[in-house]
Amino acid sequence: MNWVLLIIAGCFETGFAFCLGKMKGLSGTPWCLWGTGFLFCLILSMVLLAKSVQTIPIGTAYPVWTGIGAIGTVIVGILFFNEPATFWRLFIVTTLILSVVGLKILH
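Anyway, here's the lowdown on the structure attached to this text.

What counts and how
Residue positions are counted from 1 within each chain, in the order its sequence is given. In view of the model being predicted, local features appear only for residues whose pLDDT reaches at least 70, and side-chain atom pairs are presented and counted only at 80 or more, with totals across whole chains, interfaces and linings using the full set of residues. Note: side-chain values were computed over all heavy atoms of the structure, leaving out hydrogens and water. Helix and strand labels come from DSSP, where a helix needs a run of H or I of at least four residues and a strand needs a run of E of at least two; each type is numbered from the N terminus. By the convention used here, residues are in contact when the closest approach between their heavy atoms is within 4.5 Å. Note on exposure labels: buried denotes an accessible area under 20% of the residue type's maximum, exposed denotes more than 50%, and partly exposed covers the range between, all computed with a 1.4 Å probe on protein chains only. Working rule for helices: expected span equals 1.5 Å times residues minus one. Throughout this description, the term nonpolar core refers to a set of buried Ala, Val, Leu, Ile, Met, Phe, Trp, Tyr and Cys residues connected via side-chain atoms within 4.5 Å. We call a pair of cysteine sulfur atoms a disulfide when they lie within 2.5 Å.

## Observations regarding the side chain of Asn2
If you trace the backbone, Asn2 turns up in helix H1 (residues 2–23). Setting aside chain neighbours within four positions, we find Asn2 in contact with Lys51, Ser52, Thr55 and Ile56.

So, in structure tokens, the structure goes:
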């Protein structure tokens, strides 16, 4: 069950990065709304990470959490923020995915 919580925590890490991206260039109410989303995702991500490390070693959980967040953020950047999807960028993300899966397998 804690692996599921860890994966969800990584997804919320992507969520707070998405909110940060949406806050760029905004002010007033829209900035506050995206900022609220950022804080919500940040808190939930941290709470779920803390819960998951009760049974998953921190040396495994933290890299998996950051890896899920990093992979998700790259995908969000490509899909929503018009960031480049170059061969090398996708190659590096693929190696990151393999590394995260490898940590899970070795646990």
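## Describing the environment of Gly21
Turning to its location among the elements, Gly21 is positioned in helix H1. Judged by its relative accessible area of 27%, Gly21 falls in the partly exposed class. Separated by 55 residues in sequence, Gly21 and Val76 have C-alpha atoms that sit 9.4 Å apart.

## As for the side chain of Thr60
Mapped onto the elements, Thr60 comes out in helix H3 (residues 58–80). Residues within four places of Thr60 in sequence aside, it is in contact with Trp3, Leu103 and His107.

## Points about helix H2 (residues 28–52)
With 25 residues, H2 ought to run about 36 Å at 1.5 Å a step, and its terminal C-alpha atoms sit 36 Å apart, in line with that. Three or more residues of H2 are buried, namely Gly35, Gly37, Phe38, Cys41, Ser45, Leu48, Leu49 and Ser52. Looking at the packing, one finds that the buried side of H2 touches H1 and H3.

## Observations concerning the nonpolar core
Counting residues in each nonpolar core, the largest one holds 15 residues, and the members touching the most others are Trp3, Leu6, Leu49, Ile56, Ala61, Val64 and Trp65. Per element, the largest residue contribution to this core is 6 residues, and it comes from H3. Ignoring anything within four residues of it in the chain, the contact list for Val64 reads Trp3, Leu6, Val100 and Leu103. Of all hydrophobic cores here, the second largest spans 5 residues; its members include Cys19, Met23, Phe38 and Cys41.

## Examining H3
Between its terminal C-alpha atoms H3 stretches 32 Å, which fits the 33 Å expected from 23 residues at 1.5 Å a residue. Those residues of H3 that fall on the buried side of the exposure criterion are Thr60, Ala61, Val64, Trp65, Gly67, Ile68, Gly69, Ile71, Gly72, Val74, Val76 and Gly77. Directly after H3, the chain includes Asn82, whose backbone phi takes a positive value near 55°.

## What to know about the state of the cysteines
Counted according to the given criterion, the structure contains 0 disulfides. No disulfide involves Cys11; its sulfur sits 10 Å from that of Cys41, the nearest cysteine. On the basis of relative accessibility, which here comes to 46%, the residue Cys11 falls in the partly exposed class. With no disulfide partner, Cys41 has as its closest neighbouring cysteine sulfur the one in Cys19, 4.7 Å distant.

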